[in-house]
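Inside the fold
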Amino acid sequence: MKKYYKIAGLTVEMDSFGKTAEQAEAYAAPPQDETDIVISSDWQAMKEKAPHLSDEDCQYLASGGSFYLQLINFDGFLIHSSAVVMDGKAYLFTAPCGTGKSTHTSLWLKEFGDRAFILNDDKPALRLTDGRFLVYGTPWSGKTAQNVNTCAPLGGVCLLNRGEKNEIRRISGTKAVFGILSQTVRPKNKEYMEKLLSLLGKLMDDVPIWELYCNMEPEAARVSYNAMSQAVK
C-alpha cells in the first residue's frame, strides 16, 4: 500500500514497516497526485550483504539511503550530525560515531531548557531554499529516534572533538570541507557528486564552520552556543 509523507518540504511516497514506519508517522500526508521522491528501497539486497542486521534495520537504512540520494535533486543533502535548535536557529554537531554528538546536544537541553530542542539526532536534511540553508527533521534519526517534523535556518556547523577543555574556533578551507564531506553521503554518480560539491561550496561561503574541543560539562554547551550564535548572519 502506497503511503505519502511530507519530509524536508517534499512529497515522498514510501512503503515502510517497523521502525521506519513508526518514525515516519509524524510526517504522514494525505494521498497526492504528484510526488517529488519515490522510495522503493531494496532492503532485501542490503539484507544479503549484511545478514546480521534485522529486516527492520535493513529497511530503515535502505529507505534513508534512497531518500538522501534523491534529495540532491532538490538542492539538499545530509550531514551525519545531531541538530539542536536554539532561539529559532539550527546548529549541527558532526563527528564520527561514538564521539559524543548526542551527548553534547543533550547538554544544550539541560543548560537552556525550553529554549532548545533536538531537531534530528543523526541525519538531518539540509536544503538550499530561496538563497539560504534550512535544516529539517526527518524520520531517519538514529538510535535515539529524536526528530521533530519542522525546520529552522542553519546557524552553523561544528566539527566536534573530545577534549579536556572547552575550546571553539572558526575553520575554513580543506579542513572544513573534508570534515563535512566525510560525514555525508558521497554519491557514485558523477552528476550527483558535482551537485553535492556545489552545495558544499555554497555552504562554506554562507555558513560559519567551527571546530569544538569539549568535555561533557555543562560549560561545553555555553561555550559552543556563545560563539556560534554571535556569528549568525
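Above this text you will find the structure in question.
Being a predicted model, the structure only gives us computed values, none of them experimental.

Cut-off values and rules
Position labels on residues start from 1 in each chain and follow its written sequence. It should be noted that, the model being predicted, local features are given only for residues of pLDDT at least 70 and side-chain atom pairs only at 80 or more, the latter also being counted only at that level, while totals for whole chains, interfaces and linings use all residues. Hydrogens and water are ignored here; the side-chain numbers use all heavy atoms of the structure. In DSSP terms, a helix is any run of H or I states spanning at least four residues, a strand is any run of E spanning at least two, and both are numbered starting from the N terminus. Contacts were defined at the residue level, with two residues in contact if any of their heavy atoms lie within 4.5 Å. To estimate how far a helix should reach, multiply one less than its number of residues by 1.5 Å. Classification of residues uses two cut-offs on accessible area relative to the type maximum, computed with a 1.4 Å probe and protein chains only: under 20% is buried, over 50% is exposed, and between them is partly exposed. Here the arc refers to the directions that run from the helix axis out to each C-beta atom. Polar contact is defined as a pair of N or O atoms within 3.5 Å, subject to the rule that within protein one atom must be able to donate a hydrogen and the other to accept it, and that residues adjacent in sequence are counted only when both atoms are side-chain atoms.

1. Quick notes on the environment of K19
Within the element layout of this structure, K19 appears in helix α1 (residues 18-24). When the C-alpha positions of K19 and E56 are compared, they lie 6.5 Å apart, and in sequence the two are 37 residues distant. In this view, K19 contacts E56, D57 and Y60; residues no more than four positions away in its chain are not counted.

2. A few points about helix α6 (residues 190-206)
For α6, which comprises 17 residues, the first-to-last C-alpha distance of 25 Å matches the rise-based estimate of 24 Å (1.5 Å per residue) to within 8%. Turning to α6, its buried residues number three or more, namely Y192, M193, L196, L199, L200 and L203. Down the axis of α6, the buried side of the element spans an arc of 125 degrees, and every buried residue falls inside it. Exposed side of α6, more than 90 degrees from the buried face: K190, S198 and D205 are the residues found there. Those residues of α6 that are buried lie in contact with α3 (55-71), β5 (76-78), β9 (125-129), β10 (132-136), β11 (151-162) and α5 (173-181). With a side-chain oxygen positioned 2.9 Å from the backbone nitrogen of E191, the residue opening α6 is N189.

Remember that the coordinates give geometry; whether it matters functionally is a separate question.
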